[in-house]
Structures are given as C-alpha cells and as structure tokens.
Amino acid sequence: CSSDLGAGIYAFVDDSGYLYIGEAGRLRPRLRTHLDHSDRKALAHHLWEHGTGKIKLQLYVFPEGSEGANTRSRKAFEAALIASRAPRFNVQCRT
C-alpha cells in the first residue's frame, strides 16, 4: 500500500501492556521513524533490546477532513489514551 495512512493515533503494545502511545498527521512515516530508530530513547532501547517480534501495533486512523484528523482533537484523544492506559514510555503528567 502506498498510502501514508493519514492522521491518527498509534500504540505499541506487548505482553507487559502499553509501551508508547503517540499521534501523527501522517502515520506511516512516523511509525517508520520509530521502527528505524525511535527519537524516544527509552522506546528505542526497548525495541533494540527486545526486538519487534512480540509487539502489537494498535492504530486509530481518521478519515481526511474528519474531526479526528484535526490536530487539536487528535492530541486530546492521545492524551486521554495516555491517561487511561499509562504506557511505560510516555511522560506522565501528575496532578
């Protein structure tokens, strides 16, 4: 498929739970960056040390022009997922 998948939310998950949740205006290039050499050092180290064989990828892809494709809405959804899933390699805000 030559599509870049468009805008959406992605989550790396393994047997221990959620590893990282992120958002992107173009999912395919963002995911490729993570899998090549993530700019998130802890995630990059985990992928290097454990490989990607047991990692599952959850995708929420939003149709072009939808509310979900809007950056503000996407970031709000990402923040809600991070708060509810507590992924290991996301920075958590404490209140």
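So, here's what we can say about the structure. Model, not experiment: these values are computed from the prediction. (Residues numbered from 1 in each chain as written. Predicted model: local features only at pLDDT ≥ 70, side-chain atom pairs only at ≥ 80, totals over all residues. Heavy atoms only, no water.)

With that settled, the discussion passes to the packing of aromatic side chains. The description of two aromatic rings rests on the distance between their centres and on the angle between their planes. Tallied over the full model, the rule gives 4 aromatic pairs. Plain terms: the ring middles of Tyr10 and Phe12 are 6.0 Å apart, the flat faces sit at 75° to each other, and that makes the pair edge-to-face. According to the relative accessible area criterion, Tyr10 is buried, its value standing at 1%. Accessibility expressed as a relative area gives 3% for Phe12, which makes it buried. Look at Phe62 and Phe77: their rings are 6.1 Å apart centre to centre, the planes differ by 65°, and that puts the pair in the edge-to-face class. (Phe/Tyr/Trp six-rings, centres within 6.5 Å; stacked < 30°, edge-to-face > 60°. Buried < 20%, exposed > 50% of the residue type's maximum accessible area, 1.4 Å probe, protein only.)

Attention now goes to the pattern of salt bridges. Applying the stated criterion across every chain, the model contains 3 salt bridges. A salt bridge links Arg30 to Asp39; the shortest N-O distance between them is 3.0 Å. Taking relative accessible area as the criterion, Asp39 reaches 47% and is therefore assigned partly exposed. What you see here is one network of salt bridges that share partners, running through Glu23, Arg74 and Lys75. (Salt bridge = Lys/Arg side-chain N within 4 Å of Asp/Glu carboxyl O.)

What follows covers the pairing of strand S2 (residues 17-24). S2 sits mainly inside the fold: 6 of its 8 residues count as buried. Two elements, strand S1 (residues 8-14) and S2, share 7 bridges in a ladder whose sense is antiparallel. Among the inter-strand pairings, Ile9 is bridged to a residue of S2, identified as Glu23. (Helix = DSSP H or I, 4+ residues; strand = E, 2+ residues; numbered from the N terminus. Pairing = 2+ DSSP bridges.)

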